[in-house]
Amino acid sequence: MDLNADLGESWGAWTMGHDAEMLDIVTSANVACGFHAGDPLVMHRTLTLAKEKGVGVGAHPGYMDLWGFGRRRFADDDPAEIEKLLIYQIGAIQAMARAVGVPVTHFKAHGALANVTAVDAAMADAAARAVLATDPGMLFLAMPGTEQERAAQRAGLRVAREVFADRAYMADGTLAPRSRPGAVLQDAGEAAARMVRMVSEGRVATLDGPEIALEFDTICVHGDNPHAVAMARAVRAALTDAGIRLQPMAG
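No experiment lies behind these values; they were computed from the predicted model shown. (Residues numbered from 1 in each chain as written. Predicted model: local features only at pLDDT ≥ 70, side-chain atom pairs only at ≥ 80, totals over all residues. Heavy atoms only, no water.)

Draft legend 1. Molecular detail of the overall build of the protein chain. If you tally the helices and strands in the protein chain, you get eight helices and nine strands. Taken over C-alpha atoms, the radius of gyration comes to 17 Å for the protein chain, in line with the 18 Å a tight globule of 251 residues would show. Along the first, second and third principal axes, the C-alpha atoms of the protein chain reach 40 × 40 × 35 Å. Buried residues in the protein chain amount to 54% of all 251 residues. Across the protein chain, the fraction of contacts at a sequence separation of at least 24, relative to all contacts at a separation of at least 6, is 72%. Both charge centroids of the protein chain, one from 23 positive and one from 31 negative side chains, sit 2 Å from each other. (Helix = DSSP H or I, 4+ residues; strand = E, 2+ residues; numbered from the N terminus. Rg over C-alpha atoms; globule rule 2.2 N^0.38 Å. Buried < 20%, exposed > 50% of the residue type's maximum accessible area, 1.4 Å probe, protein only. Contact = heavy atoms within 4.5 Å. Lys, Arg positive; Asp, Glu negative; His and termini not counted. Charge placed at Lys NZ, Arg CZ, Asp CG, Glu CD.)

Draft legend 2. Seen up close, helix H6 (residues 147-155). When H6 is considered as a whole, its buried residues turn out to be Glu147, Gln148, Glu149, Ala151 and Ala152. Looking at the packing, one finds that the buried side of H6 touches helix H4 (111-119), helix H5 (121-134), strand E5 (139-142) and strand E6 (158-164). Of the residues trailing H6, Gly156 is marked for its positive phi of about 80°.

Draft legend 3. How the structure looks around the pattern of salt bridges. Within the structure shown, the criterion is met by 15 salt bridges. Among the ionic pairs, Asp77 bridges to Arg73, the shortest N-O distance being 2.7 Å. Owing to a relative accessible area of 47%, Arg73 belongs among the partly exposed residues under this scheme. By sharing partners, the salt bridges in this structure join Arg197, Glu201, Arg203 and Glu211 into a single network. (Salt bridge = Lys/Arg side-chain N within 4 Å of Asp/Glu carboxyl O.)

Draft legend 4. The arrangement of the sheet that holds strand E3 (residues 56-60) in detail. Read around the barrel, seven strands follow the order E1-E2-E3-E4-E5-E6-E9 and close on themselves; strand pairing throughout is parallel. Within the sheet, the average angular offset between the axes of one strand and its neighbour, ignoring direction, is 35°. Judged from the five bridges that link them, strand E2 (residues 28-32) and E3 form a sheet pairing that is parallel. When the bridges of E3 are listed, Val31 appears paired with Ala59. (Pairing = 2+ DSSP bridges. Axes fitted to C-alpha atoms, helices over the stretch in contact; angles between N-to-C directions.)

Draft legend 5. Examining the packing of helix H7 (residues 188-201) against helix H8 (residues 228-241) more closely. Direction vectors running N to C along H7 and H8 enclose 40°, while the axes themselves pass 8 Å from each other. Where H7 crosses over H8, the two elements pack in a sense that is right-handed. Contacts between H7 and H8 involve Ala188, Ala191, Ala192, Met195, Val196 and Val199 from the first element and Ala230, Met231, Ala234, Val235, Ala238 and Leu239 from the second. When its residues are assigned to classes, the contact of H7 with H8 shows 12 nonpolar, no polar and no charged. (Left-handed = near helix turned anticlockwise from the far one by under 90°. Nonpolar A, V, L, I, M, F, W, Y, C, P; charged D, E, K, R; others polar.)

Draft legend 6. Geometry of the packing of aromatic side chains. Tallied over the full model, the rule gives three aromatic pairs. Where Trp14 meets Phe69, the ring centres are 6.1 Å apart and the plane angle is 75°; that geometry is what we call edge-to-face. Of this pair, Trp14 sits in the loop between strand E1 (2-7) and helix H1 (19-22) while Phe69 sits in the loop between E3 and helix H3 (79-100); the two residues are 55 residues apart in sequence, bridging distant segments of the chain. For Trp14, a relative accessible area of 41% gives the class partly exposed. Given a relative accessible area of 8%, Phe69 falls into the buried group. (Phe/Tyr/Trp six-rings, centres within 6.5 Å; stacked < 30°, edge-to-face > 60°.)

Draft legend 7. Just the layout of surface pockets, in detail. The volume enclosed by the largest pocket comes to roughly 440 Å³. Considering the residues around the largest pocket, the lining is formed by 29 residues, among which Gly111, Ala114, Asn115, Arg167 and Leu175 are closest to the centre. Every element with two or more residues in the lining of the largest pocket is listed here: H4, E5 and E6. In terms of residue count, the dominant contributor to the lining of the largest pocket is H4 (six residues). (1 Å grid on protein atoms, 1.4 Å probe; cavity = no way out; pocket = protein on both sides within 12 Å on 5 of 7 lines; lining within 4 Å. Points joined across faces, edges and corners; volume = space filled by probe spheres on them.)

Draft legend 8. Summary view of the nonpolar core. Counting 76 residues, the largest nonpolar core has Met22, Leu47, Phe107 and Phe140 as the members making the most contacts within it. In terms of residues, this core owes the most to one element, H3, which gives seven residues. Apart from the residues within four sequence positions on either side, Leu47 is in contact with Val31, Val57, Ile93, Met96, Ala97, Val100 and Val102. (Core = buried A, V, L, I, M, F, W, Y, C linked by side-chain atoms within 4.5 Å.)

Here it is in structure tokens:
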């Protein structure tokens, strides 16, 4: 099993997250590509740290929305345009990774773009085309049972299905909106116990219905959560204590 986090999300003089500490815990890092967060110096620093710590790295592109941290959907989405925006961002992280000497092994959409591609087939196909255009060997991170997963399969891409340690789920398998009470888990012990059960039994409780079954390959702990480091440590310790071996998803 892989444990991943969204990292490299600082920008200029603005700091987000605890990347150095998280890179001591996770096995894969999804690195911001400059549109929702990140800049050339942050990207280089994050990739260098990941290489030093043996953590796998992937592209984590999103909407061009530094002000809103990529969590706002644009009303006039054009899949063909989004495809080009994703190619641009993937190319940026690939170039920086080559300079550092580390491979970019996976793709994961960020924020509002991830939510859109989970339910919109045309947008999900645009994301899959962007990966095919830049590196068809990359893993495509997808929420299980969503349009992301189906688009990756249609494109012939390798899929890594992802669940979230610190987010609640809806009965349709999508993430609960952040505006909904209980959507973001704050208690590290609760998150850790839930993840052990999800790995062991393949099931998770939902906010609006019964438990659902989920098959997955990687677990995300959000790096921008105020309790991210404590939660990641708790989740890793609980999984290890349960006899679950952790390694980079592309390892």
